[in-house]
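# Coordinate inspection notes
Below are the chains, spelled out letter by letter.
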Amino acid sequence: MKNVYMFQPQYAVEIRKEDTYWLPYSVGCLWSYCSQFKDITDNFELKEFIFRREDPADILDRLDNPAICAFSCYIWNERYNLHVAKLIKEKYPDCIIEFGGPQGTKHLLEYDFIDTIIISEGEESFYEKLKTMKVLNDSILKSELKYWTSLVLIKVVFLMISFRIILMSCGL
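Residues numbered from 1 in each chain as written. Predicted model: local features only at pLDDT ≥ 70, side-chain atom pairs only at ≥ 80, totals over all residues. Heavy atoms only, no water.

## Points about the packing of aromatic side chains
All told, the structure shown has 7 aromatic pairs when counted by the stated rule. Aromatic side chains tyrosine 33 and phenylalanine 37 sit 5.4 Å apart centroid to centroid with 70 degrees between the ring planes, which places their arrangement in the edge-to-face category. Plain terms: the ring middles of phenylalanine 37 and tyrosine 127 are 4.1 Å apart, the flat faces sit at 25 degrees to each other, and that makes the pair stacked. Taken as a pair, phenylalanine 37 in the loop between α1 (25-34) and α2 (38-41) and tyrosine 127 in helix α5 (residues 123-135) lie far apart in primary sequence, 90 residues in all. Overall, phenylalanine 37 belongs to the partly exposed group, its relative accessible area being 23%. Since its relative accessible area comes to 10%, tyrosine 127 is described here as buried. (Phe/Tyr/Trp six-rings, centres within 6.5 Å; stacked < 30°, edge-to-face > 60°. Helix = DSSP H or I, 4+ residues; strand = E, 2+ residues; numbered from the N terminus. Buried < 20%, exposed > 50% of the residue type's maximum accessible area, 1.4 Å probe, protein only.)

## Some thoughts on the pattern of salt bridges
Scanning the model with the defined rule gives 6 salt bridges in all. For aspartate 42, the salt bridge identified is with lysine 38, shortest N-O distance 2.8 Å. For aspartate 42, a relative accessible area of 43% puts it in the partly exposed group. Judged by relative accessible area, lysine 38 falls into the exposed class, the value being 57%. Taking the shortest distance from any N to any O, the salt bridge between arginine 62 and glutamate 54 comes out at 2.7 Å. What makes arginine 62 partly exposed here is its relative accessible area of 33%. Salt bridges sharing partners connect three or more residues here, namely Glu48, Glu54 and Arg62. (Salt bridge = Lys/Arg side-chain N within 4 Å of Asp/Glu carboxyl O.)

## Digging into unusual backbone geometry
A positive phi angle, near 50 degrees, is found at arginine 16, a position not held by glycine. Positionally, arginine 16 belongs in the loop between β2 (13-15) and β3 (18-20). Residue classification places arginine 16 among the exposed positions, given a relative accessible area of 82%. The phi torsion at asparagine 65 lies on the positive side, around 45 degrees, for a residue other than glycine. Mapped onto the secondary structure, asparagine 65 falls in the loop between α3 (56-62) and β5 (66-72).

## Digging into the environment of threonine 105
By secondary structure assignment, the location of threonine 105 is in the loop between β6 (96-100) and β7 (116-119). Expressed as a C-alpha distance, the spacing of threonine 105 and serine 120, which sit 15 residues apart in the sequence, is 9.3 Å. Ignoring anything within four residues of it in the chain, the contact list for threonine 105 reads Ile117 and Ile119. Of the polar contacts made by the side chain of threonine 105, one reaches the side chain of histidine 107; its length is 2.5 Å. (Contact = heavy atoms within 4.5 Å. Polar contact = N/O pair within 3.5 Å; in protein donor to acceptor, adjacent residues only side chain to side chain.)

Here you go:
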């Protein structure tokens, strides 16, 4: 079972003198879509939605061998997400770091700790990525994932087995 962590960190909003948080809707939609497929639920476990801005050391302490950390990136959390993602990659170099959301644009390619960027609506693209990860065995050399857009892989260096899956998913 591969562990998945989904990030949509935000600031607390004070309502009636109490700190509250918006629901992490975007990453919730991604996981909700993916979890309807048996091949995903048989191979991946959502360990946590991380939606509060916390001390990154506390987050790192809670992570349990993450296979993928997916970040929903907005203007208000981009710098924080980048900082946390870099720390995760340093501690867990085999973890796939994925960015998406409104700030998930090609400018993120400059960060070598980011493996994947999803452009546009992410549900189907994230599902396709999880399916590809399911096929890749940890003993096989890791592929370089760099740039995803709604079911189309823009930049990739894959092993032949992964390349075949991508061609099939694109109808080629």
